Amino acid sequence: AQSVAQPEDQVNVAEGNPLTVKCTYSVSGNPYLFWYVQYPNRGLQFLLKYITGDNLVKGSYGFEAEFNKSQTSFHLKKPSALVSDSALYFCAVLSGAGSYQLTFGKGTKLSVIP
Amino acid sequence: DVKVTQSSRYLVKRTGEKVFLECVQDMDHENMFWYRQDPGLGLRLIYFSYDVKMKEKGDIPEGYSVSREKKERFSLILESASTNQTSMYLCASSLFGQATYEQYFGPGTRLTVT
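Note that this is a predicted model, so its numbers are computed, not measured. (Residues numbered from 1 in each chain as written. Chains lettered and ligands numbered in written order. Predicted model: local features only at pLDDT ≥ 70, side-chain atom pairs only at ≥ 80, totals over all residues. Heavy atoms only, no water.)

Asker: Explain the overall build of chain A here, please?
Answerer: Counting its regular elements, chain A contains zero helices and 12 strands. The C-alpha atoms of chain A give a radius of gyration of 13 Å, which matches the 13 Å a tight globule of 114 residues would have. In chain A, which comprises 114 residues, the share counted as buried stands at 47%. Put simply, of all contacts in chain A between residues at least 6 apart along the chain, 54% involve residues at least 24 apart. As presented, chain A carries roughly 5,400 Å² of accessible surface, and 49% of it is formed by carbon and sulfur atoms. Here chain A carries 9 positive and 7 negative side-chain charges, and the mean point of each set is 6 Å from the other. (Helix = DSSP H or I, 4+ residues; strand = E, 2+ residues; numbered from the N terminus. Rg over C-alpha atoms; globule rule 2.2 N^0.38 Å. Buried < 20%, exposed > 50% of the residue type's maximum accessible area, 1.4 Å probe, protein only. Contact = heavy atoms within 4.5 Å. Areas by Shrake-Rupley, 256 points an atom, 1.4 Å probe, with all protein chains shown as cover. Lys, Arg positive; Asp, Glu negative; His and termini not counted. Charge placed at Lys NZ, Arg CZ, Asp CG, Glu CD.)

Asker: How do you make sense of the nonpolar core when you look at a structure like this?
Answerer: The nonpolar side chains of a soluble globular protein tend to be buried, and buried together. Ranked by internal contacts, the top residues of the largest apolar core, which has 27 residues, are A:Trp35, A:Leu47, A:Leu48, A:Phe74, A:Leu76 and A:Tyr89. For this core, the elements supplying multiple residues, two or more each, are β2 (10-14), β3 (19-21), β5 (33-38), β6 (44-50), β8 (64-68), β9 (73-78), β10 (87-94) and β12 (108-113) of chain A. Look past the residues within four positions of A:Leu48 in its chain and what remains in contact with it is A:Leu33, A:Phe34, A:Trp35, A:Val57, A:Lys58, A:Gly59, A:Phe63, A:Glu64, A:Ala65, A:Phe74 and A:Leu76. Within the second largest apolar cluster, 21 residues are counted, among which are B:Tyr35, B:Leu90, B:Tyr101 and B:Phe105. (Core = buried A, V, L, I, M, F, W, Y, C linked by side-chain atoms within 4.5 Å.)

Asker: Explanation requested: the pairing of β12(A) in the structure shown.
Answerer: Strand residues, when the strand is regular, have side chains that alternate between the two faces of the sheet. Residues and elements named next belong to chain A. Pairing geometry for β2 and β12, over five bridges, is parallel. By the bridge assignment for β12, Gln 10 is matched with Lys 109. Pairing analysis gives three bridges linking β10 to β12, with the strands arranged antiparallel. Note that in β12 the partner of Leu 88 across the bridge is Lys 109. (Pairing = 2+ DSSP bridges.)

Asker: For this particular structure, what's the right way to read the environment of B:Asp38?
Answerer: Residue and element names in this part refer to chain B. Here Asp 38 lies in strand β4 (residues 31-38). Among the residues examined, Asp 38 registers a relative accessible area of 11% and is labelled buried. Each C-alpha atom, one on Asp 38 and one on Tyr 89, is 9.1 Å from the other, the two residues being 51 residues apart in sequence. Not counting the four nearest positions on each side in its chain, Asp 38 is found in contact with Arg 44, Thr 86 and Ser 87.

Asker: I keep staring at the interface of chain B and chain A and nothing clicks. Help me out?
Answerer: Interface size, as often reported, equals the accessible area lost upon joining of the parts. Between chain B and chain A, the residue contacts involve 26 residues of the former and 21 residues of the latter. Here chain B is connected to chain A by one salt bridge. For the pair chain B and chain A, the interface holds five residue pairs in polar contact (both at pLDDT 80 or more). Looking at the side of chain B that touches chain A, the elements that each hand over two or more residues are β4 and β5 (42-49) of chain B. Tallied by class, residues from the side of chain B that touches chain A come to 15 nonpolar, nine polar and two charged. (Salt bridge = Lys/Arg side-chain N within 4 Å of Asp/Glu carboxyl O. Polar contact = N/O pair within 3.5 Å; in protein donor to acceptor, adjacent residues only side chain to side chain. Nonpolar A, V, L, I, M, F, W, Y, C, P; charged D, E, K, R; others polar.)

See the structure below:
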C-alpha cells in the first residue's frame, strides 16, 4: 500500500530563515506526490505536486519541493519563512495506479517565530 | 477557481441523532470525497464517489453512509451519531480522466456529538 510519513509533528523556524518540512514516501511504481496547507479553521489548500519531470517543483506562496527518488523523499521548502506561513502542512501520495484517492500523512505544524 | 462549499461550519448534535453533512462543488468535478480529520491522525477517507449514484468505501466507513443524487452534491450521513464521531469533516472534489489528481477542499464542518 502507498504511504507517506511526516517525521516531525512540529517545526519551529525564525522569520526570514529557510524552512523545510519533511516527507518520505513508500510506493510501488511511480509516486505521485502532493503538498497541502491548512490554515486555522480552514480547509486544505493545494500547494504543489510532483507527477513526473523536474525534481524541483515550484508551487504557491513561494514554496517548492524536491523529489528525491534514492531517498524516497519529497521535502517542502521555502527560502525565507514568513509569520503568515504558520499552519499545518500535509504531504500526500496517490493511493495507487488508476486511483484518484490520496493517502495523507499525519501533518506537520509549522510555527514561524517573529 | 474551484469552489467547494459545506452546509455548516459548526454543528452540535446529540447521541443517536441522524446527521446530514452536505457538500456542493461548482466545477463539474466527477470525483468527490469525504474525510474526517483528527489531531495526530491526519485525514482519513470515509467514502468517495466517481459518479452520480456511485460510492465506494474508504478506510473508515463504519457508522457512515453517503448519497450522490446529483453530480455537484455529495452528502455524508451519520445514521446514529455517537460521541466518537466528534471530528472535523472535510469534503473534496477532483477531476476524473485528467492527469491532475489534486483535490480541492471545502472549509470543513466541525461536528460535536454530545
